[in-house]
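Letter by letter, the chains look like this.
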Amino acid sequence: MNIQLPSFLQKGDEVVIVSPSSKIDKEFLKRAKKRLESWGLKVSVGKYAGGSSGRYAGTVRQRLQDLQSAMDDPKVKAILCSRGGYGAVHLVDKIDFTAFREHPKWLLGFSDITALHNLFQKNGYASLHSLMARHLSVEPEEDPCVAYLKDILFGNLPVYTCEKHKLNRQGTAEGILRGGNMAVACGLRGTPYDIPAEGTILFLEDVSERPHAIERMMYNLKLGGVLEKLSGLIIGQFTEYEEDCSLGKELYPALADLVKEYDYPVCFNFPVGHVTHNLPLINGAKVELTVGKKNVELKFIC
């Protein structure tokens, strides 16, 4: 399936902030709105974006209504998901793309929003794995990831370069960039919203998952035939876990062992994940990944 990139933004375009997953402090919504407005955009906040229903930003019906309304509005050019957490999976099989297909728009977010990225790609549309409201609220305008996000939204696609890692496997590959949070993606394995392996450069990250749980999910990808079909693999940041020695080795070497039999390029320690330096990535874009002796380069060739 060909993946369509929505139109890039221009000053004066409309953006909506919604909360399809966990609830968020309303102050972050206000600050994120102000930051996006400083870019010359018209920004509104979904009716239930600051809501609360248990751990969620509203009931399933309320969260769905906000997201569906933003997707259906022909004037809206981008939808910023305020945060992740948990809850996006409640909406995946309820969203209607009929109006969206007439006026595609960018979906922004990461972590639990991976479920929505998978959904958008299933329907043939690229989306933006990117920072969300809190980052836009607390980081300065000159923060590199804030700047990269602005650049991408307005059509200025960056070329990313990051440091080499001792476990990297060198090589160059072209493919469709897909991925996100590992636990969320693995939760959709075996469903219509699973990530297709063929021709994919897969990127993975996670937070608060113990090393043996990460390895178990990686074995799922291996035993399920996913890893062998990839064009490239990007291992991002796995953070906020206690090294429990259950694997007998550190996490990255354990993952490297699981992919050593394949011949595509593999990059470790890429700056994507639950960290401040979380590079925005276009999910569904065609990219070139070069893992070299001195550094790693990721270039969008949409």
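All values reported here derive from a predicted model rather than from experimental measurement.

Here we come to the packing of aromatic side chains. For any pair of aromatic rings, geometry is given as the distance between the ring centres together with the angle between the planes. By the definition in use, this model includes eleven aromatic pairs. Ring geometry for Phe97 against Tyr125: centres 6.4 Å apart, planes inclined by 5 degrees, an arrangement best described as stacked. Here Phe97, found in the loop between strand S3 (76-81) and strand S4 (106-109), pairs with Tyr125, found in the loop between helix H3 (114-122) and strand S5 (127-129); they are 28 residues apart in sequence, far enough to count as distant. Neither Phe97 nor Tyr125 differs from the other in exposure class; each is buried.

Another aspect to go through is the pattern of salt bridges. Between side chains of opposite charge, a pair can form as their charged atoms come close. Applying the stated criterion across every chain, the model contains ten salt bridges. In this structure, Arg31 and Glu27 form a salt bridge, with 3.3 Å as the shortest nitrogen-oxygen distance. Here Arg31 pairs with Glu27, and both are found in helix H1 (residues 26-37), just four residues apart, close to one helical turn. Relative accessible area serves as the criterion here: at 33%, Glu27 is assigned to the partly exposed category. The salt bridge partner of Asp194 is Arg189, with a shortest N-O separation of 2.9 Å.

Moving on, we come to the pairing of strand S12 (residues 286-291). Remark: a regular strand shows side chains that alternate across the two faces of the sheet. Pairing of strand S7 (residues 171-181) with S12, which is carried by six bridges, proceeds in the antiparallel orientation. The partner of Ile176 across the bridge, within S12, is Lys286. As defined by bridge partners, S12 adjoins strand S13 (residues 295-300) across five bridges and the pair is classed as antiparallel. Residue pairing in the sheet places Thr290 in a bridge with Glu297 of S13. Where S12 folds back onto S13 in an antiparallel hairpin, the turn is made up of three residues.

Attention now moves to the nonpolar core. As a rule of thumb, soluble globular proteins bury nonpolar side chains together. Formed by 47 residues in total, the largest nonpolar core has its most connected members in Trp106, Leu177, Phe270, Leu281 and Leu298. Considering each element in turn, this core owes the most residues, five residues, to helix H5 (residues 144-153). Domain assignment of the residues forming this core places at least three in each of domain 1 (14-154) and domain 2 (159-300). Ala185, Ile235, Ala254 and Leu258 belong to the second-largest nonpolar core, a separate cluster that totals 29 residues.

Turning our eyes to something else, we now look at the UniProt feature "active site" (unreviewed entry) in the protein. The feature "active site" (unreviewed entry), as given by UniProt, occupies Ser111, Glu205 and His274 in the numbering adopted here. The greatest C-alpha distance among the annotated residues, which extend across 164 residues, is 8.4 Å, indicating that they converge on a single site. Of the annotated set named above, Ser111 and His274 line the largest pocket. Ignoring sequence-local partners within four residues, the contact set of Ser111 consists of Gly84, Gly85, His129, Asn181, Val184, Glu205 and His274.

What counts as what
Residues numbered from 1 in each chain as written. Predicted model: local features only at pLDDT ≥ 70, side-chain atom pairs only at ≥ 80, totals over all residues. Heavy atoms only, no water. Phe/Tyr/Trp six-rings, centres within 6.5 Å; stacked < 30°, edge-to-face > 60°. Helix = DSSP H or I, 4+ residues; strand = E, 2+ residues; numbered from the N terminus. Buried < 20%, exposed > 50% of the residue type's maximum accessible area, 1.4 Å probe, protein only. Salt bridge = Lys/Arg side-chain N within 4 Å of Asp/Glu carboxyl O. Pairing = 2+ DSSP bridges. Core = buried A, V, L, I, M, F, W, Y, C linked by side-chain atoms within 4.5 Å. Domains from an automatic or database assignment. UniProt positions renumbered as here; feature names shortened; annotations may be inferred. 1 Å grid on protein atoms, 1.4 Å probe; cavity = no way out; pocket = protein on both sides within 12 Å on 5 of 7 lines; lining within 4 Å. Contact = heavy atoms within 4.5 Å.

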